[in-house]
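# Topology and contacts: notes
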Amino acid sequence: MTRYNLHPAFEKLGRGASNLLGGWLEIPLGVHQKYSRADTAGSVLTGTAIGCFKAVVRTGVGFYEIVTFFLPLPEDYAPILPTLPYFQKTTKRRPYPLE
């Protein structure tokens, strides 16, 4: 009996669930990226509009990945969208001035 490598399929399922449930996080991220002190109202409205569009796209991609988690599409279960900055593994420590 051969063994199947199901880890990429379930990783895709988890990624899809994360995108489906966390798609709304694109809205505050869009506001944060477009915010400027010079034009507060305009930048908040622009950031909200861009964030809403990206949220719909991320939620749709999450639904697609959940429905097709057992198919190796795209090639080798590759992610369709990049990971949100909220979930990226980074260090919070700033370097010292002499480093």
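Refer to the preceding data block for the structure.
These figures come from a predicted structure and were not determined experimentally.

The rules behind the values
Residues numbered from 1 in each chain as written. Predicted model: local features only at pLDDT ≥ 70, side-chain atom pairs only at ≥ 80, totals over all residues. Heavy atoms only, no water. Helix = DSSP H or I, 4+ residues; strand = E, 2+ residues; numbered from the N terminus. Buried < 20%, exposed > 50% of the residue type's maximum accessible area, 1.4 Å probe, protein only. Contact = heavy atoms within 4.5 Å. Axes fitted to C-alpha atoms, helices over the stretch in contact; angles between N-to-C directions. Parallel < 35°, antiparallel > 145°, perpendicular 65-115°, else oblique. Left-handed = near helix turned anticlockwise from the far one by under 90°. Nonpolar A, V, L, I, M, F, W, Y, C, P; charged D, E, K, R; others polar. Phe/Tyr/Trp six-rings, centres within 6.5 Å; stacked < 30°, edge-to-face > 60°.

As for its placement among the helices and strands, Arg58 is situated in helix H3 (residues 40–67). Overall, Arg58 belongs to the buried group, its relative accessible area being 5%. Discounting residues that sit within four places of it in the chain, Arg58 has contacts with Asn19, Gly23, Glu26, Leu81, Pro82 and Leu84.

Moving on, we come to unusual backbone geometry. Note the cis peptide between Leu73 and Pro74, where omega equals -15°. Mapped onto the elements of the fold, Pro74 is located in the segment after H3. Unlike most non-glycine residues, Asp76 shows phi in positive territory, near 55°. You can see Asp76 is positioned in the segment after H3.

Viewed as axis vectors pointing N to C, helix H1 (residues 7–22) and H3 meet at an angle of 150°, and their least axial separation amounts to 7 Å. Comparing their axes, H3 and H1 come out roughly antiparallel. The chirality of how H1 crosses H3 is left-handed. Contacts between H1 and H3 involve Lys12, Leu13, Arg15, Gly16, Ala17, Asn19 and Leu20 from the former and Arg58, Thr59, Val61, Gly62, Phe63, Glu65 and Ile66 from the latter. Of the residues in the contact of H1 with H3, the class split is 6 nonpolar, 4 polar and 4 charged.

The relation between two aromatic rings is expressed through the spacing of the ring centres and the mutual angle of the planes. Counting across every chain of the model gives 2 aromatic pairs. With centroids separated by 6.0 Å and ring planes inclined at 40°, the aromatic side chains of Phe10 and Phe69 adopt a geometry described as tilted. Taken as a pair, Phe10 in helix H1 and Phe69 in the segment after H3 lie far apart in primary sequence, 59 residues in all. Ring geometry for Phe69 versus Phe70: centroids 5.8 Å apart, planes at 85°, classification edge-to-face. Judged by its relative accessible area of 23%, Phe69 is partly exposed.

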